[in-house]
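Fold and contact review
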Amino acid sequence: MSNLIEIKIPDIGDFSEVDVIEVLVSEGDQIQAEQSLITVESEKASMEIPSPEAGTVKSVKVKVGDKVKEGSVILEVEAAQGGQDSAKDAPAAESATGAASEAQSNGRVESAEATQEQTSAAPGAGQSQGGEAVTVVVPDIGDFKEVEVIEVLVAVGDTVEAEQSLITVESDKASMEIPSSTAGVVSAINVKVGDQVSEGSEILVLTTQAQQQGQAPSPSAAAKPAPQVSKEAVPQSKGQGVSEGQAESSASSATDDSAAMASEPVARTSPTADYGDIPLRKLPHASPSVRKFARELGVNLTQVQGSGDKGRITFDDVRGFVKRAVSQSGSAGTAAPGSVGGGLQVLDWPKVDFSKFGEIETKPLSRIKKIAGANLHRNWVMIPHVTNNDQADITELEALRVQLNEENQKQGIKVTMLAFLIKAVVAALKKFPEFNASLDGDNLVMKQYYHIGFAADTPHGLVVPVIRDADKKGVLDLAQETAELAKLARDGKLSPAQMQGGCFSISSLGGIGGTSFTPIINAPEVAILGVSRSAYAPVWDGQAFQPRLMLPLSLSYDHRVIDGAAAARFNAYLASLLADFRRIIL
Ligand code: CAO
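Now for a quick tour of the structure. (Residues numbered from 1 in each chain as written. Predicted model: local features only at pLDDT ≥ 70, side-chain atom pairs only at ≥ 80, totals over all residues. Heavy atoms only, no water.)

**Regarding the nonpolar core**
Defined as follows: Side-chain atoms within 4.5 Å link the members of a nonpolar core, which is a set of buried Ala, Val, Leu, Ile, Met, Phe, Trp, Tyr and Cys residues. Relative accessible area decides the class of each residue, using a 1.4 Å probe on protein chains only: under 20% of the type maximum gives buried, over 50% gives exposed, and in between gives partly exposed. By the criteria applied, helices consist of DSSP H or I runs no shorter than four residues and strands consist of E runs no shorter than two, each listed in order from the N terminus. Any two residues having at least one pair of non-hydrogen atoms within 4.5 Å are treated as being in contact.
Ranked by size, the top nonpolar core spans 56 residues in total, and within it F435, F504, I506, L529, L553 and L578 carry the most contacts. Counting residues per element, the ones that place at least two in this core are α10 (395-407), α11 (417-431), β23 (452-454), α12 (475-490), β27 (504-508), β28 (527-531), β30 (545-558) and α13 (564-579). In terms of residue count, the dominant contributor to this core is α11 (12 residues). Not counting chain neighbours up to four residues away, the residues in contact with L553 comprise N388, N389, D390, A392, L421, L529, G530, V531, N571, L574, A575 and L578. Counting 23 residues, the second-largest nonpolar core is a separate cluster that includes V156, I189, V191 and V193.

Structure (structure tokens):
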């Protein structure tokens, strides 16, 4: 009875076909039951496929990039509890023909090792007579001493071309693909994801085409033994009389011994491949799944700025890159065909040694500045902003404000223009509901509530407290609440809940100055009102210039949702309410 078992993909729920994104074991590995063997990834999730059995990996049937589904064979494992006899227990003919079968080869060229085992067991059943194998080692990789293998890109049985990438390694600073130094069929893989390798580490063993056909070793392999040549005497007699025990012990030593060509008929030399001029491809710092994601989206990772640890590129970096590319090429309309980056192909941020020009002091950005900065940046690059500037005549409103403050002096409530603005904005949102909305894909979410945020300048940076249900509050309540929230903001005591749920924001710089500015929309809101300092200006009333207190209103809106005409109407309506506050009750 053979104890060679095929490990298949189990029931993986709703996913019909998934990609192999990591192969976590290699031929010869001793594995435990439930140890993860490969990682697969669907559009929605990644999952690791565990082994149902402990044992020794005899062959790996999949490689990174393969598509698998329930029932796909991923490994052959010699079960630990099964005793000495395994594959060899199977009749020779069955073994030889089985090697060619769809089920065993999984549609690929059968591994050289397997072929040779079959040759031993059933002389004449295969073409390969063995010969020298070429061990591909990690070449000189510069300053990197120990680097981690993050991808194995080939599987046993694969035919590889010279210069084809075999594995990806990653150091603290960079990733690079290690190419094959020669063409051939992969007969053994000596590394797996997570291994540390350095110059000279053996990656895999290749059987060249000539050897497969029983010809002499290629001159390049035979005549150019690199310094790392490893002599491997395989204890076996020529082509016949190989006991099952011998074949077994040779095969199971595959992990440690690149002479895993278990059934080689004679002692042989396995030269280490010479890289010659083959270039190593340095890759941006990113995990295999992020690079796969980028490949699928056609993103060139060399153009993506990594925000992760040590500049590592994350999924969000790739998403952000694509979103910026889409919004830029969409608004510019001039992106070259096929160029994902479009106008994004900008120069790197300038690195300047400022101390060359004078004395400097470097201070880290505050936590709030970093968070706010990242949000502002996203909103600025992802939302097509347009700003409509208008002015409101607040001469009468200012008189009312002063009067209210006199009347409410004893209660300690100070009414500023902000409270009136919130009240007027709510009325304008009711009249123009698309301003009280958020984009959700192709849908516009229309809100039936009126939570108004206002930008507050604090010693640590900008925050936006939110007044809930502003439509249900009077001007005095609003004045009191904004003052309380502004104080909490300045003291750094706002809770997250007090900054959430806003429908529309107001950024008032009126207490400071300015005549207009472009406020950045606070996503996922679709508009924001910027307010600058009011000032008296001569206004023509049809007969004469009158001194009127004019308040500058700068309304930035998301042009994907709001048309310019609607924005002009909103701003004009708002100005009319501020000019005659009685209209609020209409
Ligand atoms: N025109 C003229 N004067 C104005 C005014 C305006 N538009 N708005 C406010 N003022 C006056 C107030 O009446 C007050 O005058 P007194 O001191 O004489 O009473 C003074 O300016 C200071 O007002 P304030 O700023 O303390 O109060 P506020 O309610 O107007 O604003 C708050 C509160 C929290 C919004 C404000 O303090 C603040 O932080 N503003 C900065 C917001 C910001 O940074 N925005 C930029 C974000 S980036 O887009």
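**Topic: the pairing of strand β16 (residues 202-207)**
Heads up, the rule is: We treat two strands as partners when DSSP finds at least two bridges between them.
Burial analysis of β16 places 5 of its 6 residues in the buried class, which makes it a mostly covered element. Where strand β9 (residues 134-137) lies against β16, 4 bridges are found, and the strand directions are antiparallel. Considered in β16, the bridge of V136 is made with L204. Pairing of strand β14 (residues 184-189) with β16 involves 4 bridges; the strand directions are antiparallel. Pairing of A188 across the sheet is with V205, part of β16.

**Some remarks on the site of the ligand**
Counted only if it meets this: We call a residue near a given molecule or strand whenever any one of its heavy atoms falls within 4 Å of it. Think of a polar contact as two N or O atoms within 3.5 Å of one another; within protein, one of them needs to be a possible hydrogen donor and the other a possible acceptor, and neighboring residues in sequence only count if both atoms come from side chains. Classification used: nonpolar for Ala, Val, Leu, Ile, Met, Phe, Trp, Tyr, Cys and Pro, charged for Asp, Glu, Lys and Arg, polar for all others including Gly.
Taken together, the neighbourhood of the ligand is formed by 19 residues, with K414, T416, D457, S507 and S534 sitting nearest. One of the backbone N or O atoms of G510 is found 3.4 Å from a nitrogen atom in the ligand. In this structure, a nitrogen atom belonging to the ligand sits 2.9 Å away from a main-chain N or O atom of S534. The residue makeup of the shell around the ligand, split by class, is 8 nonpolar, 7 polar and 4 charged.

**Describing the sheet that holds strand β8 (residues 73-79)**
As summarised here, the arrangement of the 4 strands in space is β1-β8-β6-β3, forming an open sheet in which the pairing is antiparallel. Of all strands in the sheet, those bounded by a partner on one side alone are β1 (4-8) and β3 (30-31). As defined by bridge partners, strand β6 (residues 55-60) adjoins β8 across 5 bridges and the pair is classed as antiparallel. The residue of β8 that forms the bridge with V57 is V77.

**Some points on unusual backbone geometry**
Of note, the amide linkage connecting A523 to P524 takes the cis form, showing an omega dihedral of 5 degrees. With respect to the element layout, P524 can be found in the loop between β27 and β28. Phi angles above zero are rare outside glycine, and D469 is one such case at about 45 degrees. Take D469: it is sitting in the loop between β26 (466-467) and α12. Looking at D469, the relative accessible area reads 27%, which means it is partly exposed.

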